[in-house]
Amino acid sequence: MNFKEKINPNNLPQHIAIIMDGNGRWAKKKGLMRAMGHEKGTKAVREVVEGASEIGVKNLTLYAFSTENWNRPKLEVDTLMKLLVSSLKKEIKTLEENNIKLNAIGCLDNLPTKARAELKEVIEKTGNNNRMTLTLALSYGSREEITHVIKEISEKVKNGEISVKAIDESVINKHLYTRNLPNVDLLIRTSGEQRISNFLLWQIAYAELYFSEILWPDYRKDDLYEAIFNYQNRERRFGKTSEQLS
Ligand code: IPE
Ligand code: IPE
Ligand code: MG
């Protein structure tokens, strides 16, 4: 199916977030090591990054490694970190050519030095690009993020920089790792799992959720377009009645 031509360019989600899941099961099905699944997953990353920027999506956020993923076997964690470094090295050219700005959210201090350095370099080099912002969620957990926000705001209250009365949703937004991003309009999870796994809990308050059965390494541009097409055929009511919208 060709979903690209069915997409209405005037009703694109401003911010798409993806839980890229199923690398391990993809590998297992083929009798391969889990690491192979992660490696093949990088092709799907390239597909959705290109696919999203091609049609004019402004913000794409990919869940690449959760705070909970640190609990996987050390060998797998090491593989994922190495893959992060090599992908960044390889993809910087594509990001530059496509005018894409790289951003990262999460507890980045926990990443290995090499990964942190590589990330910093690509973020700096692509800092002036403005076609699309690609955000990688790395060592990211929404509960960790919210805890971090509470600590920061509490410090400010203690120092008299802000009053308790002045704390509202916009103050909280400004302290989140996603402070420069709009709310998520469309959240996609692949591999058939239907859960959030500690991803962007605050930011998806009114996102449309879309679950795909496809395992991440098999995910392609048209699968993303299908999700966007599906999104465009929903009615987002934000608490109102259908009649109020028309
Ligand atoms: C997603 O694939 C990649 C990461 C979480 C890093 P998984 O590795 O979770 O794959 P499954 O869920 O075991 O199939
Ligand atoms: C969520 O996938 C994290 C990422 C995609 C990076 P997991 O595969 O780790 O999620 P759970 O633990 O099965 O919920
Ligand atoms: Mg998984």
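Residues numbered from 1 in each chain as written. Chains lettered and ligands numbered in written order. Predicted model: local features only at pLDDT ≥ 70, side-chain atom pairs only at ≥ 80, totals over all residues. Heavy atoms only, no water.

Overview of the overall build of the protein
A count of helices and strands for the protein gives eight helices and six strands. Across the protein, helices and strands are ordered from the amino to the carboxyl terminus as β-α-α-β-α-β-α-β-α-α-β-β-α-α. Against the globule reference of 18 Å for 246 residues, the protein gives a C-alpha radius of gyration of 19 Å, in line with a compact fold. Here the protein, with 246 residues, has 45% of them falling under the buried criterion. Accessible area for the protein stands at about 13400 Å²; split by element, carbon and sulfur atoms hold 50% of it. Separation between the mean location of the 38 positive side-chain charges and that of the 33 negative ones in the protein comes to 3 Å. (Helix = DSSP H or I, 4+ residues; strand = E, 2+ residues; numbered from the N terminus. Rg over C-alpha atoms; globule rule 2.2 N^0.38 Å. Buried < 20%, exposed > 50% of the residue type's maximum accessible area, 1.4 Å probe, protein only. Areas by Shrake-Rupley, 256 points an atom, 1.4 Å probe, with all protein chains shown as cover. Lys, Arg positive; Asp, Glu negative; His and termini not counted. Charge placed at Lys NZ, Arg CZ, Asp CG, Glu CD.)

Observations regarding the sheet that holds strand β1 (residues 15-19)
Pairing within the open sheet is parallel, and its six strands lie in the order β3-β4-β2-β1-β5-β6. A single partner strand is all that each edge strand has here, and the edge strands are β3 (100-105) and β6 (208-211). Strand after strand, the sheet turns through a mean of 20° between neighbouring axes, direction not considered. Relative to strand β4 (residues 132-140), strand β2 (residues 59-66) runs parallel, the two being bridged by seven bridges. Paired with F65 across the strands is L138, a residue of β4. Strand contacts of helix α3 (residues 74-97): β2, β3 and β4, with the helix running at about 170° to β4, the strand carrying the most contacts. (Pairing = 2+ DSSP bridges. Axes fitted to C-alpha atoms, helices over the stretch in contact; angles between N-to-C directions. Contact = heavy atoms within 4.5 Å.)

Overview of the pairing of β1
The buried fraction of β1 is high, at five of five residues. Here β1 shows two buried faces, one formed by H15, A17 and I19 and the other by I16 and I18. Note: β1 against β2, five bridges, orientation parallel. Pairing of H15 across the sheet is with N59, part of β2. Relative to strand β5 (residues 186-189), β1 runs parallel, the two being bridged by four bridges. Bridge assignment links I16 to a residue of β5, and that residue is L186.

Here's the deal with the site of ligand 1
In the vicinity of ligand 1, the contacting residues are M20, D21, G22, N23, G24, R25, R34, H38, A64, N69, R72 and L80. Within the backbone of G22, an N or O atom sits 3.4 Å from an oxygen atom of ligand 1. One of the side-chain N or O atoms of R34 is found 2.9 Å from an oxygen atom in ligand 1. Put simply, the parts of the chain that give the shell around ligand 1 at least two residues each are α1 (23-29) and α2 (34-55). The element best represented in the shell around ligand 1 is α1, accounting for three residues. The class makeup of the residues in the shell around ligand 1 is three nonpolar, five polar and four charged. (Near = heavy atom within 4 Å. Polar contact = N/O pair within 3.5 Å; in protein donor to acceptor, adjacent residues only side chain to side chain. Nonpolar A, V, L, I, M, F, W, Y, C, P; charged D, E, K, R; others polar.)

As for α3
Between its first and last C-alpha, α3 extends 35 Å over 24 residues, near the 34 Å set by a 1.5 Å rise per residue. Along α3, the sharpest kink reaches roughly 45°, centred on E91. The secondary structure elements touched by the buried residues of α3 are α2, β2, β3, α4 (113-125) and β4. Count one or two residues on from α3 and you reach N99, which has phi positive near 60°. (Expected span 1.5 Å × (residues − 1). Bend = angle between axes of the 7 residues up to and from the residue.)

Considering the nonpolar core
I16, I18, L60, L62, I188, L224 and I228 are the most contacted members of the largest nonpolar core, which totals 44 residues. With eight residues, the single largest contributor to this core is α3. Beyond its immediate sequence surroundings of up to four residues, I188 is in contact with I16, A17, I18, I19, Y210, Y219, L224 and A227. One finds A17, I105, I204 and A207 within the second-largest nonpolar core, a separate group that totals 13 residues. (Core = buried A, V, L, I, M, F, W, Y, C linked by side-chain atoms within 4.5 Å.)

Details of the pattern of salt bridges
Two side chains with opposite charge may pair up if their charged atoms get near one another. Following the criterion strictly, the structure yields 21 salt bridges and no others. Here E47 and K43 are joined by a salt bridge, their closest N and O atoms 3.8 Å apart. Here E47 pairs with K43, and both are found in helix α2, just four residues apart, close to one helical turn. For K43, a relative accessible area of 40% corresponds to the partly exposed category. The shortest N-O distance in the salt bridge between R195 and E193 comes to 3.2 Å. (Salt bridge = Lys/Arg side-chain N within 4 Å of Asp/Glu carboxyl O.)

So, to be careful, I would describe these as geometric facts and stop short of saying anything about function.
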